Amino acid sequence: MTGQPSAPDDPTTVLNPRLPSPLQEVEDERFARHGLRLLLKRDDLIHPRLVGNKWRKLAPNLRAAAGRPLLTFGGAYSNHLRATAAAGHLLGLPTVGVVRGQELADRPLNASLARCTADGMRLHFIDRSTYRHKSDPATLSAVLRAADADGAYVVPEGGSNPLAVQGCRDLGAELRGMADIVALACGTGGTLAGLAAGLAPDQRALGIPVLKGGFLAEEIRQLQHRAFGGPRGEWNLDDRFHFGGYARTSPELDAFADDFETRHRLPVERLYVAKLLYGLVALATEGAFPRGTTVAAVITGRPFPEPSA
């Protein structure tokens, strides 16, 4: 935790995270012309394998697991599955990934799932109907039995549980007094729930959902209730920049990301970070931020696979 010594039995200390993560100001005329400052909170530099908010959410769960095998959930392109597999590999913990889509079991693994298995994760594919009900206790018990993982420590899809939300509060604490608006892309909402709780009262968190559906606000409220007993901090969502939903992009988004990379020498991850940055440029153009506002964008990940040097 930020500003606190780790417990002697904390397994994450051997991984040497870079905390607090760097905060960099960038010059971008698309913000400067509206009297805005843009900062990049480089959570992508925390650890080479446990990148960004994956570190912040997984680290407290790794401590709680206390050496037990880890079981978690995700789709075929899940960043969270890859991060959990990497954590297991680095710490010598068995990992099981429950993958959405029984039909994938008989197909060649994509690059993301292949990375998981290379890191020692055992994959267990389930049908999409069962996956939708994975939080139901009876369904979860059946999945654990079928995966031969009855004694595993269960981390939910995306890693968003009360421990993860509490871990992400450190992100807000690191940004206290540094920006007026702190923005990030949201999947399951756990990072935003914790970030908002760690910010100062005069700061606001802005979430850019990468999934469509408009369900995330209630999820964030529930996560804060479970983690802190009630609402914490000021936050809001802008649902306009999901580009069709999770893992969806477009030529326009790709062109924007390529341009941002060229301008700022920052590798831009497409499924989350590109949508965040695109949304912030659009909001700046719309005049959504008063002149004099400092906006911090949390860079939560890097492209996968990593571009060649």
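Residues numbered from 1 in each chain as written. Predicted model: local features only at pLDDT ≥ 70, side-chain atom pairs only at ≥ 80, totals over all residues. Heavy atoms only, no water.

Colleague: Whenever I open this one, empty space enclosed by the protein confuses me. Can you help?
Modeller: Rolled over the atoms, a probe sized like a water molecule indicates the empty space that remains. The final tally for this structure, using the stated rule, is one cavity of 30 Å³ or more. The computed volume of the largest cavity comes to approximately 40 Å³. Broken down by class, the residue content of the lining of the largest cavity amounts to six nonpolar, three polar and one charged. (1 Å grid on protein atoms, 1.4 Å probe; cavity = no way out; pocket = protein on both sides within 12 Å on 5 of 7 lines; lining within 4 Å. Points joined across faces, edges and corners; volume = space filled by probe spheres on them. Nonpolar A, V, L, I, M, F, W, Y, C, P; charged D, E, K, R; others polar.)

Colleague: Looking at this model, I keep getting lost on the sheet that holds strand S2 (residues 37–41). Mind explaining?
Modeller: Strand order across the open sheet formed by six strands is S1-S2-S10-S7-S8-S9, with mixed pairing between neighbours. The strands lining the two open edges of the sheet, one partner per strand, are strand S1 (23–26) and strand S9 (234–237). This sheet shows a mean twist of 25 degrees between the axes of neighbouring strands, independent of strand direction. The pairing of S1 with S2 spans four bridges and is antiparallel. Looking at the pairing, Glu25 lines up with Leu39 of S2. Here helix H11 (residues 273–286) sits on the sheet and contacts S2, strand S7 (181–186), strand S8 (204–209) and strand S10 (294–298); the angle it forms with S10, its principal contact strand, is near 165 degrees. (Pairing = 2+ DSSP bridges. Helix = DSSP H or I, 4+ residues; strand = E, 2+ residues; numbered from the N terminus. Axes fitted to C-alpha atoms, helices over the stretch in contact; angles between N-to-C directions. Contact = heavy atoms within 4.5 Å.)

Colleague: Explain the nonpolar core here, please?
Modeller: Note that soluble globular proteins tend to have their nonpolar side chains buried in a common cluster. Counting residues in each nonpolar core, the largest one holds 34 residues, and the members touching the most others are Leu40, Leu206, Val268, Leu277, Leu280 and Phe289. At the level of secondary structure, the elements contributing two or more residues to this core comprise S2, S7, S8, helix H10 (251–264), H11 and S10. In terms of residue count, H11 provides more of this core than any other element does, 10 residues in total. Excluding residues that lie within four positions of it along the chain, Leu206 makes contacts with Ile181, Val182, Ala183, Leu184, Leu192, Asn236, Leu237, Asp238, Leu280, Leu283 and Phe289. (Core = buried A, V, L, I, M, F, W, Y, C linked by side-chain atoms within 4.5 Å. Buried < 20%, exposed > 50% of the residue type's maximum accessible area, 1.4 Å probe, protein only.)

Colleague: Which parts of the structure should I look at to understand the environment of Glu157?
Modeller: Of note, Glu157 is situated in the loop between strand S6 (153–155) and helix H7 (162–174). Overall, Glu157 belongs to the partly exposed group, its relative accessible area being 27%. Between the alpha carbons of Glu157 and Gly52 there is a distance of 16 Å; along the sequence they are 105 residues apart. Contacts of Glu157, omitting those with residues within four sequence positions, involve Thr72, Phe73, Gly74, His80, Arg100, Tyr131, Lys134 and Thr188. For Glu157, the side chain forms a polar contact with the side chain of Tyr131, separated by 2.9 Å. A polar contact is formed between the side chain of Glu157 and the side chain of Lys134, at a distance of 3.3 Å. (Polar contact = N/O pair within 3.5 Å; in protein donor to acceptor, adjacent residues only side chain to side chain.)

Colleague: What should I look at first to understand the pattern of salt bridges in this one?
Modeller: Side chains that differ in charge, positive against negative, can pair when their charged atoms come close. All told, the structure shown has 21 salt bridges when counted by the stated rule. A salt bridge links Arg30 to Asp259; the shortest N-O distance between them is 3.6 Å. In this pair, Arg30 is assigned in helix H1 (residues 29–32) and Asp259 in helix H10, connecting sequence segments 229 residues apart. Accessibility expressed as a relative area gives 30% for Asp259, which makes it partly exposed. Between Asp258 and Arg270 there is a salt bridge, with its nearest N and O atoms 2.5 Å apart. Here Arg270 lies in the loop between H10 and H11 and Asp258 lies in helix H10, a separation of 12 residues in the sequence. For Asp258, a relative accessible area of 38% translates into the label partly exposed. The exposure class of Arg270 is partly exposed, given its relative accessible area of 22%. (Salt bridge = Lys/Arg side-chain N within 4 Å of Asp/Glu carboxyl O.)

Colleague: For this particular structure, what's the right way to read the packing of aromatic side chains?
Modeller: Going through the model one piece at a time under the given rule, you end up with six aromatic pairs. With 6.2 Å between their ring centres and 75 degrees between their planes, Phe73 and Tyr131 make a pair best called edge-to-face. Separated by 58 residues along the polypeptide, Phe73 in strand S3 (residues 70–74) and Tyr131 in helix H5 (residues 128–132) bring together distant segments of the chain. Pair check on accessibility: Phe73 and Tyr131 agree, each one buried. Three or more aromatic residues joined by ring pairs form one cluster here, namely Phe241, Phe243, Phe256, Phe260 and Tyr278. The aromatic ring of Phe304 is capped on one face by Arg82, whose charged end is 3.8 Å from the ring centroid. (Phe/Tyr/Trp six-rings, centres within 6.5 Å; stacked < 30°, edge-to-face > 60°. Lys NZ or Arg CZ within 6 Å of the ring centre and 35° of its normal.)

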